[in-house]
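Listed below are the residues making up each chain.
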Amino acid sequence: MAKTNWAIDPSHSHIGFKVKYMIFTNVSGMFKDFQAVIESVDDQIETLKVSFTANVSSIDTNSIDRDDHLRSSDFFDVVRYPIISFESTNIIQNSHNRFDMLGKFTIRDITRSIALEVEYNELMKDPWGKTIVGLSLSGKVNRSDYGLDWNTSLETGGLLVGEEIKLFSDIQLIRQ
């Protein structure tokens, strides 16, 4: 058994999230600056180990004012907590190409266990001879569990920002 190291291809990967805004719509965002150490045994997805970080200041929701607010102490407080992270602890195969990746997710130095659903797209060679694989990941967290408590009430009832954050990522890995 040989250890395989993988690198994320940033030009073919997306680390994103969605949250309800004003009860009826979603705001989407992403992190543009992220890194990961990823390894497996003999290319076997069920042995995948992931250590991921994202630079919170790279958040992009397509609104400079909203991004600045998210960077502030009301939300991520990037001055004190510049990084979010995920460290996998286990991966469970559910079917041929579907897995649950269990791990520790950290925001604002608060760590909670989460499960990410992983859709595995088979290994293949790209046109330049590199071995690649695609992964689609999804999950959800409650933002209050991580100290992201800022909100305001709407005149019509309800809150401006939803509590549930949907996580989604499409990742292309390149064997090193």
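The structure we're discussing is the one just above.
Student: Would you take a moment to explain the overall build of the chain for this structure?
Tutor: Regarding its fold elements, the chain presents one helix and eleven strands. Along the chain, helices and strands appear, N-terminal first, in the series β-β-β-β-β-β-α-β-β-β-β-β. Its C-alpha atoms give the chain a radius of gyration of 17 Å, near enough to 16 Å, the size a compact globule of 176 residues would have. Viewed in the frame of its principal axes, the chain has a C-alpha envelope of about 60 × 30 × 30 Å. Per-residue burial for the chain yields a buried fraction of 40% across its 176 residues. In the chain, the proportion of contacts linking residues at least 24 apart, taken out of those at least 6 apart, comes to 54%. Only carbon and sulfur atoms are counted for the fraction: they give 52% of the accessible area of the chain, which is about 9,800 Å². Mean positive and mean negative side-chain charge positions of the chain (18 and 25 charges, respectively) differ by 1 Å.

Student: Hey, could you run me through the pairing of strand 1 (residues 3-8) in this one?
Tutor: A regular strand places its side chains on the two faces of the sheet in alternate fashion. Alternating residues of strand 1 divide into Thr4, Trp6 and Ile8, all buried, and Lys3, Asn5 and Ala7, none buried. The pairing of strand 1 with strand 11 (residues 161-175) spans three bridges and is antiparallel. Directly across from isoleucine 8, in strand 11, lies its bridge partner leucine 173.

Student: For this particular structure, what's the right way to read a nonpolar patch on the surface?
Tutor: On the surface, a cluster of nonpolar side chains totalling about 410 Å² of accessible area is made up of Tyr21, Met22, Ile23 and Phe24. Residue position: phenylalanine 24 is located in the loop between strand 2 (14-21) and strand 3 (25-31).

Student: Explain the environment of serine 58 to me, please; I cannot follow it from the model alone.
Tutor: Counting through the fold element by element, serine 58 comes out in the loop between strand 5 (44-55) and strand 6 (59-60). In contact with serine 58, other than residues within four places in its own chain, are Met30, Phe31, Lys32 and Asp33. Within the local environment of serine 58, its side chain forms a polar contact with the backbone oxygen of asparagine 55, the two atoms lying 2.6 Å apart.

Student: Help me out: how do you make sense of the pattern of salt bridges in this one?
Tutor: Note on pairing: side chains with opposite charge can pair once their charged atoms come close. This model, assessed by the stated rule, comprises seven salt bridges. Across the pair aspartate 77 and arginine 80 runs a salt bridge, and its minimum N-O distance is 3.6 Å.

About the thresholds
Residues numbered from 1 in each chain as written. Predicted model: local features only at pLDDT ≥ 70, side-chain atom pairs only at ≥ 80, totals over all residues. Heavy atoms only, no water. Helix = DSSP H or I, 4+ residues; strand = E, 2+ residues; numbered from the N terminus. Rg over C-alpha atoms; globule rule 2.2 N^0.38 Å. Buried < 20%, exposed > 50% of the residue type's maximum accessible area, 1.4 Å probe, protein only. Contact = heavy atoms within 4.5 Å. Areas by Shrake-Rupley, 256 points an atom, 1.4 Å probe, with all protein chains shown as cover. Lys, Arg positive; Asp, Glu negative; His and termini not counted. Charge placed at Lys NZ, Arg CZ, Asp CG, Glu CD. Pairing = 2+ DSSP bridges. Patch = residues over 30% accessible without salt bridge, like charges linked within 9 Å, V, L, I, M, F, W, Y side chains within 5 Å. Salt bridge = Lys/Arg side-chain N within 4 Å of Asp/Glu carboxyl O. Polar contact = N/O pair within 3.5 Å; in protein donor to acceptor, adjacent residues only side chain to side chain.

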